[in-house]
Amino acid sequence: MLKKLGRINRRRMPAYEQDAPPGQFVTEKFPILTYGSTPRISLDTWQFRVFGHVEEEVTLNWQEFTALPKLTLDAEFHCVTQWSKLQNTWEGVAFNDVMKLVKPSSEVTHVMAHCYGGYSTNLALDVIMDDDVLFAWAHDGAPLAEAHGGPLRLVVPKRYGWKSAKWVNGLEFMTEDRPGFWEVRGYHMEGDPWKEQRFWDELM
Ligand SMILES: Nc1nc2c(c(=O)[nH]1)N[C@H]1C(S)=C(S)[C@@H](COP(=O)(O)O)O[C@H]1N2
Ligand SMILES: [Mo]
C-alpha cells in the first residue's frame, strides 16, 4: 500500500530505488547506451517502412510521419545494465496510430523494429499495441538528441531499454517470434524489467 502511494506521488517525491524494478539503480541522468556508432540521418531522405504480414505495405517520409496525430507521454526507462530514469516526457506518435496505416494479417503475433545502422528488436504484438508505446522525436521538451535515437526512436516503457529501438526506420509484422540484435546474443525475448527478464541463460 505504501509503495503504491509512493508511485502515485512520484512527481512530488525524490526518486528512490524502491520505485524502480528489482535490481535497478535510479539515476537523474540520461546515459547513452549504443552498440556501435551513431548513424547520420538526413530528414530529406529519412524513411519509415511498415511491412511484413500486412495487406499493403506503407512507406512514410518525415513530413508524412510527423503529420500523424501527436502524443505526449510520461514514462519510466529501465536499462538492463541496471540504471533506471524514472521521469521522462516523450513526444511523438502512438504506436497504435502508426498501426492504423496498415491491415496486419490475423496471424500476426510479433513485430520486429528495424533501425538505421542495422539494429533490430522483437516485441510481442500485445506489448507493442499498448497505449504507452510511441515513436518519439522529443524528450523532456527538446528535440531528441542524435545519440538518444534522433530523429525518431521507439519507446516501450514496460520493457528493458534495449527494446526501445533508436533511429527506427521500419516495423515488420511477423506471424512468429524471431530474435532481434541483442536477443540473438542472449538477451531475453520478452525483457520485462518487473520480472527481471534480462538474459535467457539465467534460466538455464
Ligand atoms: N538502434 C539502436 N537502438 C538501441 C540501442 C542500440 O545500440 N542501437 N541500444 C538500446 C539500449 S541497450 C538501451 S538501454 C537504450 C538506451 O537509450 P539511450 O541511449 O537513449 O539511453 O537504447 C536501445 N536502443
Ligand atoms: Mo540497455
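Rules used in this analysis
- Residues numbered from 1 in each chain as written.
- Chains lettered and ligands numbered in written order.
- Predicted model: local features only at pLDDT ≥ 70, side-chain atom pairs only at ≥ 80, totals over all residues.
- Heavy atoms only, no water.
- Core = buried A, V, L, I, M, F, W, Y, C linked by side-chain atoms within 4.5 Å.
- Buried < 20%, exposed > 50% of the residue type's maximum accessible area, 1.4 Å probe, protein only.
- Near = heavy atom within 4 Å.
- Polar contact = N/O pair within 3.5 Å; in protein donor to acceptor, adjacent residues only side chain to side chain.
- Phe/Tyr/Trp six-rings, centres within 6.5 Å; stacked < 30°, edge-to-face > 60°.
- Helix = DSSP H or I, 4+ residues; strand = E, 2+ residues; numbered from the N terminus.
- 1 Å grid on protein atoms, 1.4 Å probe; cavity = no way out; pocket = protein on both sides within 12 Å on 5 of 7 lines; lining within 4 Å.
- Points joined across faces, edges and corners; volume = space filled by probe spheres on them.
- Nonpolar A, V, L, I, M, F, W, Y, C, P; charged D, E, K, R; others polar.

(A) Region of interest: the nonpolar core. In this structure, F48, F65, F135 and F173 are the most contacted members of the largest nonpolar core, which totals 42 residues. Counting residues in each nonpolar core, the second largest holds eleven residues, with C79, W83, W90 and L144 among its members.

(B) Layout of the site of ligand 1. Taken together, 19 residues sit near ligand 1, with P31, Y35, H148, R153 and K166 positioned nearest. Here an oxygen atom of ligand 1 sits 2.5 Å away from a polar atom, N or O, in the side chain of K166.

(C) Structural detail: the packing of aromatic side chains. Within this structure, the stated rule accounts for 21 aromatic pairs. Taken together, a centroid distance of 5.0 Å and an interplanar angle of 55° make the contact between F48 and F65 tilted. Placement of F48 in strand β2 (residues 47-52) and of F65 in helix α2 (residues 62-66) is noted, with a sequence separation of 17 residues between them. According to the relative accessible area criterion, F48 is buried, its value standing at 0%.

(D) The layout of surface pockets, seen in detail. Empty space within the largest pocket amounts to approximately 480 Å³. Lining the largest pocket are 29 residues; nearest its centre among them are L33, T34, Y35, Y119 and K166. When its residues are assigned to classes, the lining of the largest pocket shows 18 nonpolar, nine polar and two charged.

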